[in-house]
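# Chains, contacts and geometry: an overview
Letter by letter, the chains look like this.
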Amino acid sequence: EAAVTQSPRNKVAVTGGKVTLSCNQTNNHNNMYWYRQDTGHGLRLIHYSYGAGSTEKGDIPDGYKASRPSQENFSLILELATPSQTSVYFCASGDAARFDTQYFGPGTRLLVL
Amino acid sequence: AQSVTQPDARVTVSEGASLQLRCKYSYSATPYLFWYVQYPRQGLQLLLKYYSGDPVVQGVNSFEAEFSKSNSSFHLQKASVHWSDSAVYFCALSTAGDNSKLIWGLGTSLVVNP
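Quick look at the structure, then. (Residues numbered from 1 in each chain as written. Chains lettered and ligands numbered in written order. Predicted model: local features only at pLDDT ≥ 70, side-chain atom pairs only at ≥ 80, totals over all residues. Heavy atoms only, no water.)

Turning next to the interface of chain B and chain A. One frequent convention defines the size of an interface as the accessible area lost when the parts assemble. Listed per partner, the contact involves 21 residues of chain B and 24 residues of chain A. Buried surface at the junction of chain B and chain A, summed over both partners, amounts to about 1,800 Å²; 55% is from carbon and sulfur atoms. The tally of links from chain B across to chain A stands at four residue pairs in polar contact (both at pLDDT 80 or more). When residues of the side of chain B that touches chain A are traced back to their parent elements, those giving at least two are β5 (32–38), β6 (44–50), β10 (87–94) and β11 (102–104) of chain B. Among the elements that line the side of chain B that touches chain A, the one with the most residues is β5 of chain B, at four residues. (Contact = heavy atoms within 4.5 Å. Buried area = accessible area lost by both parts, 1.4 Å probe. Polar contact = N/O pair within 3.5 Å; in protein donor to acceptor, adjacent residues only side chain to side chain. Helix = DSSP H or I, 4+ residues; strand = E, 2+ residues; numbered from the N terminus.)

Examined against the element boundaries, T55 of chain A turns out to sit in the loop between β5 (42–49) and β6 (56–57). Excluding residues within four positions of it along the chain, T55 of chain A makes contact with Y48, S49, A66, S67, R68 and F74 of chain A.

Attention now moves to the pairing of strand β8 (residues 64–68) of chain B. All names here are of chain B. Sheet topology note: the strand β7 (residues 56–58)/β8 ladder contains three bridges and is antiparallel. Bridge pairing links V57 to A65 in β8. Where β7 folds back on β8, the antiparallel hairpin that results is connected by five residues, among which N61 adopts a positive phi of roughly 55°. Looking at chain direction, β8 and strand β9 (residues 73–78) are connected through five bridges and run antiparallel. The partner of F67 across the bridge, within β9, is F74. What sits between β8 and β9 in their antiparallel hairpin is a turn of four residues, with S72 showing a positive phi close to 50°. (Pairing = 2+ DSSP bridges.)

Residue and element names in this part refer to chain A. Counted by the stated rule, this structure contains five salt bridges over all chains. Where E79 meets K65, a salt bridge forms, and the shortest distance between an N and an O atom there is 3.5 Å. Pair noted here: E79 is in the loop between β8 (73–78) and β9 (87–95) and K65 is in strand β7 (residues 65–67), with a separation of 14 residues, a long-range link. Accessibility expressed as a relative area gives 35% for E79, which makes it partly exposed. (Salt bridge = Lys/Arg side-chain N within 4 Å of Asp/Glu carboxyl O. Buried < 20%, exposed > 50% of the residue type's maximum accessible area, 1.4 Å probe, protein only.)

Cis peptide bonds are those with omega within 30 degrees of zero, and the linkage from S7 of chain A to P8 of chain A qualifies with -10°. With respect to the helices, strands and loops of the structure, P8 of chain A is situated in the loop between β1 (4–7) and β2 (10–13). The phi dihedral of S62 of chain B is positive, around 65°, even though this residue is not glycine. Along the chain, S62 of chain B falls in the loop between β7 and β8.

Printed below as a string of structure tokens:
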């Protein structure tokens, strides 16, 4: 079954440490997205990608990097984690042929101490 | 600028009652509209989508939504809710342009009392 998976599902990090969140999709979609979800803010787009080798800045890219080494994989990198980056992070793949219908992973809960 | 507004942050209904969750959008051209549901501690799941044609679209689990261009709305409806429908519902808009992004509402938390 086509799916979007994320790892890890839960992560505790220290301030100033490096965190990498990984996402894998088997939908064969060109587009992939990273969001964070915080109470009162809904979903906010951090980075997205149109295909392997491409990354684009979303609405809140500061403090985050992204990497898309292949069609299937899209990573979100926090080089110097801060407590303000404590959140739930969602990855999604998007079907550009169907007007950007997006399919989500289960989320990663990140706590930065 | 494009935007999506869900005016009700929280809606409470009794089991078996009918439901309408409101969504208003702002976009000058043809919108492509979605409703997603998020159950506790899970990712978002697609409920239904509108691309064109019949303004009433059917989705999973007996949900439906009606697109109104004149009212710039895409309200979600269900004739009879079940306690398991308790979740957060998100409305989203695609402009299907070069950006390939969705514009999201802030969500409506639905509580169904048994």
